[in-house]
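Listed below, chain by chain, are the residues.
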Amino acid sequence: MSRPAPRKPEYHKINKDLFVLTYGALVAQLCKDYEKDEDVNTYLDKMGYGIGTRLVEDFLARSCVGRCHSYSEITDIIAQVAFKMYLGITPSVTCNNSSRNEFSLILDKNPLVEFVEELPAGRSSLCYCNLLCGIIRGALEMVHLAADVTFLQDRLRGDSVTEIGITFLKKLDEKKYRRKK
Amino acid sequence: MAIFSVYVVNKAGGLIYQLDSYAPRAEAEKTFSYPLDLLLKLHDERVLVAFGQRDGIRVGHAVLAINGKDVNGKYTADGKEVLEYLGNPANYPVSVRFGRPRLTSNEKLMLASMFHSLFAIGSQLSPEQGSSGIEVLETDTFKLHCFQTLTGIKFVVLADPRQAGIDSLLRKIYEIYSDFALKNPFYSLEMPIRCELFDQNLKLALEVAEKAGTFGPGS
């Protein structure tokens, strides 16, 4: 075995319902604060970005994944290791285009929407779980990869599955930080 | 077996955290009468012993205190120049404390940025594609271990050359950083780390590493 097995994380058990309800309260409050769906989506994405930039270090520290060498490897790790570690689900990965930089994560089970039946009237373009998109975008940016992450399909909006699309853009310049000195 | 210091360097090469945990350093305080049989010289804003090593006072030691009062670089606590003061027979007998000069925080900042650049040069010098930067830097008195995360943060640990288990210690420090620095909502990324919990847990981890000599799996 070339790599040591990841240590068992010492997570304190916390009630999942509390987490799901907290997220629901957050989205509900944002809906009260902002009239337009796009604004709510933008703010959820921003919040997720802040979380993602910090969560990525925790993920890398605990999961012992090595450097990835292709976008499909990265997407696989996001789906199979990261989602499993933080949400307990394993979305399936599909590649959407031939230049291998657009991928989809198909979530068949999403704990965050467990108690949500349908979006309220007048909120038909709300991306309820947009926080997740922000988290993925923030995390990828910290490892020098720019990506566009959006919900392509959402069960809450009437589609058949929940699909998160990740489009990898140009690789960010790692060396840009040195020039700032 | 000891771990001397921990440095955390951010992506831009700036030092965001530093901890020194040296064992009590060798210091010698002696009372002298005129003339002083040590040769002192001014170097880099400090008064150093150039020659005349004896009794625990080594070449390279700096004047730390005169008559119990700490000196301020090349000036005494009263503002007089140290060399002038010690050249005046009227001030004798005088008690002077010598010891290894500590690095000032500015010097540490500068050395961390320099190491950051050297780290990058290390990976560029490599004949192989995609090499890592400097991982270990060894001298006869200490070994410097560096771990760079995939996000560009570097954790540097200076330890005794015989100390084992530094790799696991570096991973442990990474976890402590991700727990107590990053998860603190009021900590901004890339800024100096001023989190009590981070300090405490880091010191604990250093103690454990020193005692154990090595971190086992599942610890």
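Residues numbered from 1 in each chain as written. Chains lettered and ligands numbered in written order. Predicted model: local features only at pLDDT ≥ 70, side-chain atom pairs only at ≥ 80, totals over all residues. Heavy atoms only, no water.

The name an unreviewed UniProt entry assigns to chain B is Trafficking protein particle complex subunit, from the organism Pipistrellus nathusii. Taken verbatim from the UniProt record of chain B, the Function (unreviewed entry) comment is "Core component of the TRAPP complexes which has a function of guanine nucleotide exchange factor activity for Rab1 GTPase. Plays a role in vesicular transport from endoplasmic reticulum to Golgi and autophagy. May play a role in dendrite postsynaptic membrane trafficking." (UniProt positions renumbered as here; feature names shortened; annotations may be inferred.)

As recorded by an unreviewed UniProt entry, chain A carries the name Trafficking protein particle complex subunit and is attributed to Pipistrellus nathusii. On record in UniProt, under Subunit (unreviewed entry), the comment for chain A is "Homodimer." Regarding chain A, the relevant UniProt record gives this comment under Sequence similarities (unreviewed entry): "Belongs to the TRAPP small subunits family. BET3 subfamily."

Moving on: the overall build of chain B. Along the backbone of chain B there are four helices and 11 strands. Expressed along its principal axes, the backbone C-alpha trace of chain B runs to roughly 65 × 40 × 35 Å. Split into buried and exposed, the 219 residues of chain B put 41% on the buried side. Excluding contacts between residues fewer than 6 apart, the proportion of contacts in chain B whose partners are at least 24 apart in sequence is 56%. Charged side chains of chain B number 23 positive and 25 negative; the gap between the two group centres comes to 2 Å. (Helix = DSSP H or I, 4+ residues; strand = E, 2+ residues; numbered from the N terminus. Buried < 20%, exposed > 50% of the residue type's maximum accessible area, 1.4 Å probe, protein only. Contact = heavy atoms within 4.5 Å. Lys, Arg positive; Asp, Glu negative; His and termini not counted. Charge placed at Lys NZ, Arg CZ, Asp CG, Glu CD.)

Turning our attention to the pairing of strand β11 (residues 154–159) of chain B. Residue and element names in this part refer to chain B. Along β11, six of the six residues are buried, which leaves the element largely enclosed by surrounding structure. The two faces of β11 match: Lys154, Val156 and Leu158 on one face and Phe155, Val157 and Ala159 on the other face are all buried. Both strand β1 (residues 3–9) and β11 contribute to a ladder of six bridges, which runs antiparallel. Across the sheet, Val8 pairs through a bridge with Phe155, a residue of β11. Counting the residues in the hairpin turn of strand β10 (residues 143–148) and β11 gives five residues, including Gly152, whose phi is positive at 100°. (Pairing = 2+ DSSP bridges.)

Here the focus is the pairing of strand β4 (residues 162–171) of chain A. Residue and element names in this part refer to chain A. Of the strand pairs in this sheet, strand β2 (residues 102–107) and β4 are connected by six bridges, and their pairing is antiparallel. In the strand pairing of β4, Leu105 is matched with Ile164. Bridging between strand β3 (residues 145–153) and β4 involves seven bridges; their strand directions are antiparallel. Bridged to Asp148 within β4 is Thr167.

Each partner contributes residues to the interface: chain A has 19 residues there, and chain B has 27 residues. In total, chain A and chain B occlude about 2000 Å² of area from one another, counting both sides; carbon and sulfur atoms represent 52% of this. Viewed at the interface, chain B and chain A are joined by three salt bridges. Taken together, the connections running from chain A to chain B amount to seven residue pairs in polar contact (both at pLDDT 80 or more). (Buried area = accessible area lost by both parts, 1.4 Å probe. Salt bridge = Lys/Arg side-chain N within 4 Å of Asp/Glu carboxyl O. Polar contact = N/O pair within 3.5 Å; in protein donor to acceptor, adjacent residues only side chain to side chain.)

This part is about the packing of aromatic side chains. According to the stated counting rule, one finds 11 aromatic pairs over all chains in the structure shown. Look at Tyr34(A) and Tyr43(A): their rings are 4.7 Å apart centre to centre, the planes differ by 10°, and that puts the pair in the stacked class. Taken together, the ring pairs in this structure connect Phe147(B), Phe155(B), Tyr174(B) and Tyr177(B) into an aromatic cluster. The positively charged end of Lys154(B) is found above the aromatic ring belonging to Phe119(B), 4.6 Å away from the centroid. (Phe/Tyr/Trp six-rings, centres within 6.5 Å; stacked < 30°, edge-to-face > 60°. Lys NZ or Arg CZ within 6 Å of the ring centre and 35° of its normal.)

Residue and element names in this part refer to chain A. Here Asp37 is to be found in helix α2 (residues 37–63). One polar contact links Asp37 to Ser125, side chain to side chain, over a distance of 2.9 Å. Other than its neighbours up to four places away in sequence, Asp37 contacts Gly122, Arg123, Ser124, Ser125 and Leu126.

Bringing a nonpolar patch on the surface into the picture now. Side chains of Leu103(B), Met110(B), Leu111(B) and Met114(B) sit close together on the surface and give an oily, nonpolar patch of about 350 Å² of accessible area. Along the chain, Met114(B) falls in helix α2 (residues 105–125). (Patch = residues over 30% accessible without salt bridge, like charges linked within 9 Å, V, L, I, M, F, W, Y side chains within 5 Å. Areas by Shrake-Rupley, 256 points an atom, 1.4 Å probe, with all protein chains shown as cover.)

Further remarks concern the environment of Gln29(A). All names here are of chain A. Following the sequence through the fold, Gln29 ends up in helix α1 (residues 16–33). Judged by its relative accessible area of 39%, Gln29 falls in the partly exposed class. In the structure, Gln29 is positioned 29 residues away from Asp58 in sequence and 28 Å away in space, judged by C-alpha atoms.

On to the nonpolar core. Across soluble globular proteins, you tend to see nonpolar side chains buried next to one another. Ile3(B), Phe155(B), Val157(B), Leu169(B), Tyr177(B), Ile193(B) and Phe198(B) are the most contacted members of the largest nonpolar core, which totals 37 residues. Of all elements in the fold, only α2, α3 (71–87) and α4 (130–142) of chain A together with β1, β2 (15–20), β11, α3 (166–181) and α4 (196–212) of chain B reach the threshold of two or more residues within this core. Residue contributions to this core peak at eight residues, all from α3(B). Apart from residues no more than four positions distant in its own chain, Val157(B) is found in contact with Ile3(B), Ser5(B), Val6(B), Lys143(B), Leu144(B), His145(B), Ile166(B), Leu169(B), Leu170(B) and Ile173(B). Counting residues in hydrophobic clusters, the runner-up holds 36 residues, among them Tyr23(A), Leu87(A), Leu105(A) and Ala147(A). (Core = buried A, V, L, I, M, F, W, Y, C linked by side-chain atoms within 4.5 Å.)

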